[in-house]
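Residue-level structure breakdown
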Amino acid sequence: DISICWFRRDLRLSDHAALYQALKHSRSVVCVFVFDRAILEPLPRADRRVDFIHRSLAELKQALREHGSDLLVRHADACEAIPELARTLGADAVFANRDDDPAAIARDDAVAAALAADGRTLLTSKDVTLFERDEVLTASGTPYSVYTPYRNAWRKKLDPFFLQAYPVERYLTALAPLPPQPFPSLPELGFAPADPGVPTGMSGAQALFAAFQPRIAHYRTLRDYPADNGVSALSVHLRFGTISIRQLAQFAWADGSDGAMCWLDELIWRDFYHQILWHHPRVGQGRSFKPEYEGLAFPGDPQHFDAWCEGRTGYPLVDAAMRQLNRTGWMHNRLRMVSASFLVKDLLIDWRHGEAYFAEKLLDFDLAANNGGWQWAASTGCDAQPYFRIFNPVTQSEKFDPRGDFIRRFVPELAALDHKAIHAPWQARQLPPGFRLSHDYPAPIVDHAVQRQRALALYGKD
Ligand code: FAD
């Protein structure tokens with residue numbers, strides 16, 4: 001019996017749930033990846049994510065070649081390509097890892113129906129998160145909507161069993177022997193190269209993880225300082241599954257240091273937002289998690305949105321953050337919170353615009369985490385704190401970039417300002433000779449104190 005292992009956001013060969021199931025239950029397994037036209041079409045023609053996937057697939061393909069097999073790559077509509085391939089190959093089953101993004105669910109439902117019409121099956125496994133869907137519920141059987149009790153229940157449920165790797169290596173002899181298969185180039189897929197700027201593929205993920213391990217003990221103290229190398233930078237690898245979540249959680253759990261436990265909590269945030277999206281798919285369609293804020297009429301100025309996107313709001317930390325996003329495709333978590341809060345609570349612009357901008361630019365874009373983060377910042381989401389938690393972009397800057405090193409890296413026109421002046425140049429007693437505010441760097445486009453009052457009035461209306 002022949003089966004297909006359909007790779008999607010799990011571009012690795014080790015500790016892979018679907019591949020393990022496929023290899024274990026079939027005589028011969030063909031590995032497949034589809035560059036789905038439905039996903040690729042709306043993307044900009046130079047997209048770092050497509051390049052990241054392309055490079056990561058090249059490595060996956062090479063690894064399969066070393067086992068005498070190969071990766072079948074198609075550029076097509078997945079809903080048609082998968083059932084058609086199953087027919088051509090005579091595969092009884094297609095194995096895949098579950099993806100709870102609503103668009104992926106719809107696609108998988110369509111593929112499953114087309115396969116079933118032919119007497120074949122789509123078999124899915126949990127792989128993307130540690131716990132999914134209904135696995136962590138309250139005592140009364142309802143989903144959690146607040147993180148801390150969710151985390152406590154999650155930790156209580158965690159058992160070494162859930163962290164065990166799937167021993168794929170043991171079964172690789174069941175990979176179908178294949179002659180070398182064609183591999184479309186980026187231009188053949190309709191894309192220009194766009195260097196992702198990070199190590200890609202399984203090897204890139206393992207290298208980043210190895211470099212993070214000696215730093216994990218300091219994670220709690222360093223993670224909030226964007227100028228320091230305190231975080232793992234693994235998000236894009238978790239997004240595309242070039243590393244297994246079980247491998248990461250297993251390491252943190254076994255390490256047990258305060259820093260490692262704090263990092264594990266971040267992995268739990270990821271599970272948390274995934275189950276929120278699963279239980280409340282409407283949040284992914286622009287709807288507020290908290291319905292009372294659904295209809296807020298944000299009065300912000302569209303020109304301010306452009307200034308925010310381009311990193312010229314006059315608030316140095318916000319501008320440095322946005323330029324980091326534009327230049328690298330990644331933004332530090334503290335800065336995602338600060339810049340998101342600034343867009344919504346200072347510029348009074350609808351969070352959905354910010355969510356969409358991040359979705360376009362982030363290499364690690366993940367609907368569940370991005371939407372969760374934006375709704376958290378906009379106070380429309382699963383935050384235990386009410387709307388009057390409003391970040392002050394200047395005090396955040398003084399606290400988390402105290403020497404201004406991060407700002408100088410991304411806003412070079414402020415490089416000559418000292419560590420006091422750099423957070424709010426318009427308030428500085430002394431500016432470097434020749435530096436002209438509004439000319440060399442924008443004056444603030446809004447006044448935080450005024451906007452804060454406006455935000456409170458907007459949210460407090462009902
Ligand atoms: P580390 O600090 O090393 O954390 C390890 C991993 O935990 C991350 O790789 C990530 O997978 C997970 N994680 C950490 N924090 C969170 C969180 N708050 N929510 C969910 N997962 C988390 N993360 C994404 O992966 N994709 C997104 O599209 C995304 N959009 C965001 C938008 C906003 C407005 C905010 C506030 C946060 C967003 N995050 C998103 C969460 C977080 O900022 C990133 O995961 C993190 O900055 C990635 O860097 P890292 O891998 O070095 O993280």
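Once a new chain begins, its residue numbering starts again from 1 and follows that chain's sequence as written. Only residues with pLDDT of 70 or above have their local features reported here, since the model is predicted, and side-chain atom pairs are shown and tallied only from 80 upward, although totals for entire chains, interfaces and linings are computed over all residues.

Going by the annotation in an unreviewed UniProt entry, the name recorded for the protein is Deoxyribodipyrimidine photo-lyase, with Microvirgula aerodenitrificans given as the source organism. UniProt positions are given in the numbering used here, feature names are shortened, and annotations may be inferred rather than shown by experiment. Taken from UniProt, the Sequence similarities (unreviewed entry) comment for the protein reads in full: "Belongs to the DNA photolyase family." The Catalytic activity (unreviewed entry) comment attached to the protein in UniProt states, word for word, "cyclobutadipyrimidine (in DNA) = 2 pyrimidine residues (in DNA)."

Some points on the overall build of the protein
Runs of E in the DSSP output that reach at least two residues are strands. Runs of H or I that reach at least four are helices, and both are numbered from the N terminus. Of regular secondary structure, the protein possesses 20 helices and five strands. C-alpha atoms define the radius of gyration in this analysis, and the globule rule sets the expected value at 2.2 Å times the number of residues to the power 0.38. For 462 residues, the compact-globule formula gives about 23 Å, and the C-alpha radius of gyration of the protein, at 24 Å, lands near that figure. Structurally, the protein occupies a C-alpha span of about 75 × 50 × 45 Å along its principal axes. Here exposure depends only on C-beta density: within 10 Å of a residue's C-beta, 20 or more other C-beta atoms make it buried, 12 or fewer make it exposed, and intermediate numbers make it partly exposed, the C-beta atoms being placed from the backbone. Every one of the 462 residues in the protein was classed for burial, and the buried ones make up 43%. When contacts within the protein are restricted to residue pairs at least 6 apart in sequence, long-range pairs at least 24 apart make up 77% of them. We call two residues in contact when the distance between their C-beta atoms, placed using the backbone, is within 7 Å.

Quick notes on the pairing of strand β5 (residues 121-125)
Pairing between two strands requires that DSSP report at least two bridges joining them. Two strands pair when backbone bridges link them, and strand β4 (residues 91-97) and β5 are joined in this way by five bridges, in the parallel orientation. Looking across to β5, one finds that alanine 93 is bridged to threonine 121. A crossover connection joins β4 to the parallel β5 through helix α5 (residues 102-117); in handedness this β-α-β unit is right-handed. A clockwise path from the first strand over the helix to the second, with the strands pointing away from the viewer, defines a right-handed crossover.

Topic: the domain arrangement of the protein
Each domain span listed reflects an automatic or database assignment of domains. Structurally, the protein comprises domain 1 (2-128), domain 2 (129-165 + 202-279) and domain 3 (291-460). Centre-to-centre, using C-alpha coordinates, domain 1 lies 39 Å away from domain 3.

Details of the nonpolar core
We call a set of buried Ala, Val, Leu, Ile, Met, Phe, Trp, Tyr and Cys residues a nonpolar core when their C-beta atoms link them within 7 Å. Formed by 114 residues in total, the largest nonpolar core has its most connected members in Cys5, Val32 and Val94. Counting residues per element, this core draws most heavily on helix α12 (residues 258-279), at eight residues. For valine 32, the residues in contact, after removing those within four places along its chain, are Ile4, Cys5, Trp6, Phe7, Leu72 and Leu85.

Here's the deal with the site of the ligand
Neighbouring residues of the ligand: 29 residues in total, closest Val231, Ser232, Ser235, Asn370 and Gly373. A total of six residues in the shell around the ligand trace back to one element, the largest contributor, which is helix α17 (residues 367-377). Residue polarity follows a fixed list, in which Ala, Val, Leu, Ile, Met, Phe, Trp, Tyr, Cys and Pro are nonpolar, Asp, Glu, Lys and Arg are charged, and the others, Gly among them, are polar. Within the shell around the ligand, the residues separate by chemical class into 15 nonpolar, seven polar and seven charged. Each of domain 2 (129-165 + 202-279) and domain 3 (291-460) accounts for three or more of the residues forming the shell around the ligand. As used in this record, a residue near a molecule or strand is one whose C-beta atom, placed from the backbone, is within 6 Å of it.

Quick notes on helix α16 (residues 351-361)
Among the residues making up α16, those that are buried are Trp351, Gly354, Glu355, Phe358 and Lys361. Looking straight down α16, one finds its buried side chains confined to an arc of 140 degrees; they lie on one side. Residues of α16 that are buried sit in contact with α14 (316-328), α15 (333-346) and α17. The directions from the helix axis to the C-beta atoms form the arc being described.

Structural notes on the UniProt feature "domain: Photolyase/cryptochrome alpha/beta" (unreviewed entry) in the protein
Under the UniProt annotation, "domain: Photolyase/cryptochrome alpha/beta" (unreviewed entry) lies at residues 1-130. Taken as a whole, residues 1-130 contains 46% helix and 25% strand, while its terminal C-alpha atoms sit 30 Å from one another.

Side note on the pairing of β4
Side-chain positions along a regular strand alternate between the two faces of the sheet. Along β4, six of the seven residues are buried, which leaves the element largely enclosed by surrounding structure. Sheet topology note: the strand β1 (residues 2-7)/β4 ladder contains four bridges and is parallel. Note on β4: the bridge partner recorded for cysteine 5 is phenylalanine 95.

Structural notes on unusual backbone geometry
Within the chain, aspartate 15 stands out as a residue other than glycine whose phi angle is a positive 40 degrees. With respect to the helices and strands, the residue aspartate 15 is situated in the loop between β1 and α1 (17-25). Assessed through the 22 C-beta atoms surrounding it within 10 Å, aspartate 15 is described here as buried. Of note in this structure, alanine 233 is not a glycine but carries a positive phi near 60 degrees. Its location among the elements puts alanine 233 in the loop between α9 (219-222) and α10 (235-240).

Points about the environment of glutamate 188
Along the chain, glutamate 188 falls in the loop between α7 (160-163) and α8 (201-212). When the C-alpha positions of glutamate 188 and histidine 75 are compared, they lie 9.2 Å apart, and in sequence the two are 113 residues distant.

Some remarks on helix α18 (residues 393-400)
Restricting attention to buried positions, one finds in α18 the residues Pro393, Gln396 and Ser397. Relative to the axis of α18, the buried residues are bounded by an arc of 100 degrees and lie together on one face.

What about the sheet that holds strand β3 (residues 71-76)?
In space, the five strands of this open sheet follow the order β3-β2-β1-β4-β5, with parallel pairing throughout. Only two strands of the sheet have a single partner each, and these edge strands are β3 and β5. Strand-to-strand twist across the sheet, computed as the mean angle between neighbouring axes with direction ignored, equals 30 degrees. Whenever a helix is involved, its axis is fitted only over the stretch in contact; in every case the axis is a line through C-alpha atoms, and angles between N-to-C directions fall within 0 to 180 degrees. On the sheet, helix α3 (residues 48-66) packs against β2 (28-36) and β3 and is oriented at approximately 145 degrees with respect to β3. Set on the sheet, helix α4 (residues 78-89) makes contact with β1, β2, β3 and β4; between it and β2 the angle comes to about 155 degrees.

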